[in-house]
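Here is how the chains run, residue by residue.
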Amino acid sequence: MKPIKVGLLGIGTVGAGTFNVLKRNQEEIARRAGRGIEIVMVADLNPERARELVGAQCEVVGDGNLVVAHPEIDVVIELIGGYGVARELVLKAIANGKHIVTANKALLATHGDEIFRAAQDKGVMVAYEAAVAGGIPIIKALREGLTANRIEWIAGIINGTTNFILSEMREKGLDFDTVLREAQRLGYAEADPTFDIEGVDAAHKATLMAAIAFGIPVQFDKAHVEGITKLEAVDIRYAEQLGYRIKLLGIAKRTDQGVELRVHPTLIPAKRLIANVEGAMNAVLVQGDAVGATLYYGKGAGSEPTASAVIADLVDIARLADAQPEHRVPHLAFQPQSMSDLPILPIAEVTTSYYLRLHVADKLGVLANVTSILAESTISIDAMMQREPALGETQTDIIILTHQTQEKNVEAAIAKIEKLPTVLGKVTKLRLEHLS
Ligand SMILES: NC(=O)c1ccc[n+]([C@@H]2O[C@H](COP(=O)([O-])OP(=O)(O)OC[C@H]3O[C@@H](n4cnc5c(N)ncnc54)[C@H](O)[C@@H]3O)[C@@H](O)[C@H]2O)c1
Ligand SMILES: N[C@@H](CCO)C(=O)O
Ligand code: NA
């Protein structure tokens, strides 16, 4: 069979990894794909650096339009990032009948429906394994391996940068900015690292997982997004004392009312496997009704781990390109005519457990007042801890872990608690998931 011809848009961290792994494992990959895979043209804004990386074996250009219009190219790999030029080039490539491989979760979480529809109309594939949890084959698992299941929920550590920051801060006591700079140096962080630390990148990935798990359209604009910038070290310490770790989780959960789609720092029991995922590693826990819980762990970022997923997609395309479009794996796992309109729930409607930290005057009756507000709100307490005040100290902290309740319920109770004269300042609220 003729080799499949590939054009590469953007040869930065992931692009260079893709080029190198493809070259190194060329023969083995061809034996799996049933044909050779050849990168014939590379476009990058910095063609000199690109030329140094690829040598003389393929053409290097500065304008991606030359790649998407190249008559011999069958597959375009988009590794530029962002939603501007990347969206334009991907849509042009599809219009020209090229299959697409992309690692760009920002693009797919915001313009996925438009891109998948265009690909469907044109009979080409858009493969995006690298977009969620990098090298971990989670898209493959959700779209293919778990098709027998009604998926109940997914909870994942799906941003390497923030997990690296939380781990290094907790274990080595390093400060936030130092660790973020190191994550950038190692090639984990997004071009705009606020996407990592504010939870946006994790929400892009959770949005894609929710779509393929529940057969709903891609709806990033409805996701609840909180990052780690407001997380305080004191809460990490109290959580540990109570037997929990704090992780930035991306959660997609199906309920009778709709889908919970949320990213926020979350307390998880320290004994869970996923609570022990450290550094830039990712892990995704999927609960299916037939299989039960399955856990996927590995490198979610970095040059070659991400390239591993990009090349797996290339191999899939090489194997499936001549199959009838209706016989291929659907872009969003469910057949396009069988999508569900289950709504994404507003955060007020979400049900979970909570960690509350109250800074209080160390006076008789403060605890009784707080617990009676919780009781009136039908919020039951799972655990409670009061820091022993130092000698002569007149203020202290009370930590309360609640059983499950609705977010709007806990918010109303917090508003009442904050009005108590013995409660000083704002109550800190974090969400807690038992993941069982
Ligand atoms: N780095 C990771 O670990 C990782 C993991 C998973 C997914 N991703 C995603 O992969 C994509 C690429 O990430 P990266 O880390 O390799 O980024 P990068 O910044 O290292 O590389 C991007 C490359 O694209 C080039 N480029 C920018 N604009 C261009 C244009 N208009 N035309 C042609 N080339 C252009 C840049 O010169 C650069 O070489 C992003 O969507 C990112 O979210 C990255
Ligand atoms: N910035 C992302 C890259 C992988 O998608 C992360 O830190 O996980
Ligand atoms: Na992946």
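Position labels on residues start from 1 in each chain and follow its written sequence. Here chains are named by letter from A upward and ligands by number from 1 upward, in the order in which they appear as written. Only residues with pLDDT of 70 or above have their local features reported here, since the model is predicted, and side-chain atom pairs are shown and tallied only from 80 upward, although totals for entire chains, interfaces and linings are computed over all residues. Note that water and hydrogens are dropped before the side-chain values are worked out from all heavy atoms of the structure.

Once that is clear, we can look at the sheet that holds strand β2 (residues 37-43). Strand order in the open sheet formed by six strands is β3-β2-β1-β4-β5-β6, and the pairing between neighbours is parallel. A single partner strand is all that each edge strand has here, and the edge strands are β3 (59-61) and β6 (126-127). For two strands to pair, DSSP has to find at least two bridges joining them. Numbering goes from the N terminus for both helices and strands, where a helix is a DSSP run of H or I of at least four residues and a strand is a run of E of at least two. Bridge analysis of strand β1 (residues 4-9) against strand β4 (residues 75-78) gives four bridges, and the strand direction is parallel. Each bridged residue has a counterpart across the sheet, and for Leu9 the counterpart in β4 is Glu78.

Proteins that are soluble and globular tend to have nonpolar side chains buried together. Residues belong to one nonpolar core when they are buried, are Ala, Val, Leu, Ile, Met, Phe, Trp, Tyr or Cys, and are joined through side-chain atoms within 4.5 Å. Each residue is placed in one exposure class: buried if its accessible area under a 1.4 Å probe, protein chains only, is under 20% of its type's maximum, exposed if it is over 50%, and partly exposed if it falls in between. Membership of the largest hydrophobic core comes to 85 residues, with the highest contact counts inside it found for Ile138, Leu142, Leu267 and Val286. Broken down by element, this core gets its largest block of residues, eleven residues, from helix α11 (residues 200-214). Every residue pair with non-hydrogen atoms within 4.5 Å of one another is taken to be in contact. Here Leu267 is in contact with Ala239, Tyr244, Arg245, Ile246, Tyr355, Leu401, Leu430, Arg431, Leu432 and Glu433, once residues within four sequence places are set aside. Among the nonpolar cores identified, the runner-up in size contains 34 residues, and Val21, Ala127, Ala309 and Val310 belong to it.

The next thing to look at is the site of ligand 1. Nearness is judged by heavy atoms alone; a residue qualifies as near a molecule or strand once a single heavy atom is within 4 Å of it. Neighbouring residues of ligand 1: 22 residues in total, closest Val14, Asp44, Arg49, Glu190 and Gly302. Taking Arg49, its side chain carries an N or O atom lying 2.7 Å from an oxygen atom of ligand 1. Under this grouping Gly is polar, as are all residues other than the nonpolar Ala, Val, Leu, Ile, Met, Phe, Trp, Tyr, Cys and Pro and the charged Asp, Glu, Lys and Arg. Considering only residue class, the shell around ligand 1 consists of ten nonpolar, eight polar and four charged. Residues adjacent in sequence count toward polar contacts only when both atoms are side-chain atoms; beyond that, a polar contact is any pair of N or O atoms within 3.5 Å, and within protein one must be able to donate a hydrogen and the other to accept it.

Time to look at the domain arrangement of the chain. Domain boundaries in the chain define domain 1 (4-135 + 304-338), domain 2 (138-299) and domain 3 (347-432). Placing the centre of domain 2 and that of domain 3 at their C-alpha centroids yields a distance of 26 Å. Each partner contributes residues to the interface: domain 2 has 19 residues there, and domain 3 has 16 residues. Among the residues domain 2 hides against domain 3, the three largest losses belong to Tyr238, Leu242 and Leu267. Together they make up 39% of the total. Only one rule defines a salt bridge in this text: a Lys or Arg side-chain nitrogen within 4 Å of an Asp or Glu carboxyl oxygen. Joining domain 2 to domain 3, the criterion identifies three salt bridges. One salt bridge connects Asp235 with Arg357, and the closest N-O pair in it is separated by 2.5 Å. At the boundary of domain 2 with domain 3, the tally comes to seven residue pairs in polar contact (both at pLDDT 80 or more). Looking at the side of domain 2 that touches domain 3, the elements that each hand over two or more residues are α12 (233-241), β9 (244-254) and β10 (259-269). Classifying every residue of the side of domain 2 that touches domain 3 by side-chain character gives nine nonpolar, four polar and six charged. Segmentation of the chain into domains, including their bounds, is taken from an automatic or database domain assignment. Accessible surface is computed with a 1.4 Å probe, and the buried area is the amount of it that two parts give up when combined, taken over both parts together.

Here we come to empty space enclosed by the protein. For cavity detection a 1 Å grid was placed over the protein atoms alone, and a set of points counts as a cavity when a 1.4 Å probe fits there but cannot get out; an open set counts as a pocket when protein lies on both sides within 12 Å along at least five of seven lines, with lining residues being those that have an atom within 4 Å of a point. Grid points are joined across faces, edges and corners, and a volume is the space filled by probe spheres set on the points. The final tally for this structure, using the stated rule, is one cavity of 30 Å³ or more. Quantified by volume, the largest cavity comes out at close to 60 Å³. As for the largest cavity, its lining consists of Leu166, Ser167, Arg170, Ile236, Arg245, Ile246, Lys247 and Glu278. Put simply, the parts of the chain that give the lining of the largest cavity at least two residues each are α8 (160-172) and β9.

Moving on: the coordination of the sodium ion (ligand 3). Around the sodium ion (ligand 3), the protein contributes the donor atoms Glu129 (O), Glu129 (OE), Val132 (O), Gly134 (O) and Ile136 (O), at 2.3 to 2.6 Å from the metal centre. Donor atoms (N, O, S) are those found within 2.8 Å of the metal centre, with the cutoff raised to 3.2 Å for Na, K and Ca; water is not part of the atom list, so apparent gaps in a site can occur. Positions of the donor residues of the sodium ion (ligand 3) along the chain correspond to the pattern E-x2-V-x1-G-x1-I. An identical accessibility class is assigned to Glu129 and Ile136; each is buried.

Let us look at the pairing of β2. For a regular strand, side chains alternate in direction, first toward one face of the sheet and then toward the other. Counted residue by residue, β2 has five buried out of seven residues, so it is predominantly covered. Across six bridges, β1 lies against β2 in parallel orientation. If you follow Gly7 over to β2, its bridge partner there is Met41. In the sheet, β2 pairs with β3 via three bridges, with the strands oriented parallel. Residue pairing for β3: Val42 is matched across the bridge by Val60. Crossover handedness for the path β2 to helix α3 (residues 47-54) to β3: right-handed. Crossovers are described as right-handed under a simple rule: with the strands pointing away from the observer, the path leading from the first strand over the helix to the second runs clockwise.

Below, the discussion takes up the packing of aromatic side chains. Pairing of aromatic side chains here covers Phe, Tyr and the six-membered ring of Trp, requires ring centres within 6.5 Å, and sorts the geometry by plane angle: under 30 degrees stacked, over 60 edge-to-face, intermediate tilted. Applying the stated criterion across every chain, the model contains two aromatic pairs. Each ring, one from Phe116 and one from Tyr128, has its centre 5.5 Å from the other, and the planes form 40°; the classification is tilted. One end of the pair, Phe116, is in helix α6 (residues 105-122); the other, Tyr128, is in the loop between β6 and α7 (138-145), and twelve residues separate them in sequence. Phe116 gets classed as buried once you look at its relative accessible area, which sits at 5%. For Tyr128, a relative accessible area of 1% corresponds to the buried category. Taking the centre distance of 5.8 Å and the plane angle of 75° together, the rings of Phe164 and Tyr188 count as edge-to-face. Placement of the pair is Phe164 in helix α8 and Tyr188 in the loop between α9 (176-185) and α10 (194-197), with a sequence separation of 24 residues.

To continue, consider helix α14 (residues 366-376). Of the residues making up α14, those classed as buried are Val366, Val370, Ile373 and Leu374. On an axial view of α14, the arc spanned by its buried residues comes to 100°, and they lie on one face. Projecting away from the buried face of α14 at angles above 90 degrees are the exposed residues Ala375 and Glu376. Considering only its buried residues, α14 is in contact with β13 (351-361), β14 (381-386), β15 (395-402) and α15 (407-419). Note on α14: the residue one or two positions beyond its end, Thr378, has a positive phi of about 55°. Note: the arc covers the axis-to-C-beta directions of the helix.

Residues in close proximity to ligand 2 include Lys105, Asn159, Gly160, Thr161, Tyr188, Ala189, Glu190, Asp196, Asp201, Lys205, Gly300 and Ala301, which together make up its full environment. At 2.7 Å, a side-chain N or O of Glu190 approaches a nitrogen atom of ligand 2. When ligand 2 is considered free in solution it has 250 Å² of accessible area, and contact with the protein chains removes 94% of it. Structurally, ligand 2 is housed in the largest pocket. We get accessible surface area from the Shrake-Rupley algorithm with a probe of 1.4 Å; when it comes to residues, only the shown protein chains can shield them. If over half the atoms of a molecule are within 2 Å of the grid points of a cavity or pocket, the molecule is regarded as sitting in it.

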